[in-house]
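As a plain string of letters, each chain reads:
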Amino acid sequence: MARPDDKPLRYPVPARPGQPARIADAELVALAVCQAAMGISSDRQFLGLVGYRLPGWFPHLPSQSQYNRRLRGLTGLLTVVQQRLARLLDVGGARLADGTLIGVANDAGCAKRSEFAGTAAYGYCAAKSEYVWGVRLVLRADRRGSPLAYTWVPANEHEYEPLLDLVEAGEAVIADKGLWGRAYNEQMGCSQVELLTPARERIAANHAREHALASTRLVIESVFANLKEQMRLERHLANTPRGLAQRIAQRLLALTLGILLNTLSGRPAGALAAYDGR
């Protein structure tokens with residue numbers, strides 16, 4: 001699966017003051033992936049489980065606060081590794097794009113005093129028929145569900161502008177009816193991107209096309225289901241935007257590694273239940 005132009009991954013992690021850490025960055029990344037795959041949101045619960053079930057595997061497990069702080073500093077590394085793997089897994093063809101709401105903490109009880117003030121907002125969730133205080137994760141993936149690029153914006157913003165920043169010239173993007181609009185299609189066309197959305201009317205002449213698009217869109221729906229249900233992204237426990245960024249990167253890396261393992265073993269790409277530890 002490796003490509004001829006692949007080079008060893010080198011990512012400079014900023015040096016930390018004081019004594020050398022007793023647990024390496026690579027060990028922390030491995031722990032982060034396991035935690036996401038198992039769907040354990042609580043760092044304290046996960047570290048306790050590792051110490052109990054895998055004695056000796058990680059001789060110097062950090063405390064909950066150290067683990068949380070170190071992982072926030074490794075968000076860039078988590079993202080770089082995930083993007084490198086996604087490029088290796090990319091099967092080409094049409095891309096999939098969609099967005100989903102992620103609620104965030106508002107312990108202060110006031111949007112202006114929240115740690116997420118300026119980052120989060122109230123957005124309407126049609127699936128739950130309720131407003132959610134949080135962000136909208138916008139994801140671009142290949143047709144097997146490998147995350148190729150992502151960003152997040154306040155929940156009251158649409159996918160329009162974020163998706164324009166994620167797409168690449170010369171590709172076709174399959175999206176849902178939320179991206180209907182002549183002006184937006186013209187913007188995509190100016191970026192040399194073909195936007196494929198459901199037809200406004202289903203007739204016998206377009207039945208085959210609509211069925212094919214709907215089947216393909218199910219892939220990105222399953223991606224969001226894996227992230228939010230199995231990996232507990234909806235119960236991420238992040239209290240700051242920096243913490244949320246780390247938890248999103250952590251889960252996307254775990255998802256990509258799961259797709260890689262499934263590909264190598266001949267399993268369906270999105271069948272991640274075998275890796276949740278339950």
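Everything numeric in this text was worked out from a predicted model, so none of it was measured. (Residues numbered from 1 in each chain as written. Predicted model: local features only at pLDDT ≥ 70, side-chain atom pairs only at ≥ 80, totals over all residues. Heavy atoms only, no water.)

1. Here we look at the layout of surface pockets
Okay, so step 1: Its volume calculated, the largest pocket comes out at about 810 Å³.
Okay, so step 2: If you go around the largest pocket, you meet 34 residues; those closest to its centre are D98, G99, A126, D176 and E221.
Okay, so step 3: Top element by residues in the lining of the largest pocket is strand 1 (residues 95-103). It accounts for seven residues.
Okay, so step 4: Of the residues that constitute the lining of the largest pocket, the class distribution is 16 nonpolar, five polar and 13 charged.
Okay, so step 5: The space that makes up the second largest pocket amounts to roughly 400 Å³.
Okay, so step 6: At the level of elements, helix 1 (25-38), helix 2 (43-53) and helix 8 (241-265) are the ones that each hand at least two residues to the lining of the second largest pocket.
Okay, so step 7: It is helix 1 that contributes the most residues to the lining of the second largest pocket, five residues altogether.
Okay, so step 8: Of the residues assigned to the lining of the second largest pocket, the class counts are 17 nonpolar, three polar and two charged. (1 Å grid on protein atoms, 1.4 Å probe; cavity = no way out; pocket = protein on both sides within 12 Å on 5 of 7 lines; lining within 4 Å. Points joined across faces, edges and corners; volume = space filled by probe spheres on them. Helix = DSSP H or I, 4+ residues; strand = E, 2+ residues; numbered from the N terminus. Nonpolar A, V, L, I, M, F, W, Y, C, P; charged D, E, K, R; others polar.)

2. So, the packing of helix 1 against helix 2
Okay, so step 1: Helix 2 packs onto helix 1 with a crossing angle of 105 degrees between their chain directions and a minimal axis gap of 11 Å. Accordingly, the angle class assigned to the pair helix 1 and helix 2 is roughly perpendicular. Across from L31, C34, Q35 and M38 in helix 1, the residues of helix 2 making contact are D43, F46, L49 and V50.
Okay, so step 2: Its residues placed into classes, the contact of helix 1 with helix 2 shows six nonpolar, one polar and one charged. (Axes fitted to C-alpha atoms, helices over the stretch in contact; angles between N-to-C directions. Parallel < 35°, antiparallel > 145°, perpendicular 65-115°, else oblique. Contact = heavy atoms within 4.5 Å.)

3. Re the pattern of salt bridges
Okay, so step 1: Evaluated as defined, the whole model comprises eight salt bridges.
Okay, so step 2: With a shortest N-O distance of 3.8 Å, R140 and E168 are connected by a salt bridge. Within this pair, whereas R140 is found in strand 3 (residues 130-141), its partner E168 is found in the loop between helix 5 (160-166) and strand 5 (172-174), the two being separated by 28 residues in sequence.
Okay, so step 3: Between E234 and K228 there is a salt bridge, with the nearest N and O atoms lying 3.5 Å from each other.
Okay, so step 4: On the basis of relative accessible area, E234 is assigned to the partly exposed category, the value being 26%.
Okay, so step 5: One salt-bridge network, in which partners are shared between bridges, spans D90, R95, R140, E168 and E171. (Salt bridge = Lys/Arg side-chain N within 4 Å of Asp/Glu carboxyl O. Buried < 20%, exposed > 50% of the residue type's maximum accessible area, 1.4 Å probe, protein only.)

4. Overview of the nonpolar core
Okay, so step 1: Y67, L227 and L244 are the most contacted members of the largest nonpolar core, which has 50 residues in total.
Okay, so step 2: No other element matches helix 8, which puts nine residues into this core.
Okay, so step 3: If we skip the residues at most four places from it in the chain, Y67 touches L28, L31, A32, Q35, D43, F46, L47, P62 and Q250.
Okay, so step 4: Counting 14 residues, the second-largest nonpolar core is a separate cluster that includes A97, V138, L164 and L166. (Core = buried A, V, L, I, M, F, W, Y, C linked by side-chain atoms within 4.5 Å.)

5. A short note on the packing of aromatic side chains
Note on aromatic pairs: each is described by the distance of the centres and the angle between the planes.
Okay, so step 1: Counted under the stated rule, the structure contains four aromatic pairs.
Okay, so step 2: Ring geometry for F46 versus Y67: centroids 6.4 Å apart, planes at 35 degrees, classification tilted. Placement of the pair is F46 in helix 2 and Y67 in helix 3 (residues 64-73), with a sequence separation of 21 residues.
Okay, so step 3: We classify F46 as buried; its relative accessible area is 1%. (Phe/Tyr/Trp six-rings, centres within 6.5 Å; stacked < 30°, edge-to-face > 60°.)

6. Quick word on helix 3
What sets the pattern is the α-helix's 3.6 residues per turn: residues three or four places apart point alike.
Okay, so step 1: Along helix 3, the residues classified as buried are Y67, N68, R70 and L71.
Okay, so step 2: Residues of helix 3 that are buried in the fold lie against helix 1, helix 2, helix 4 (75-89) and helix 8.

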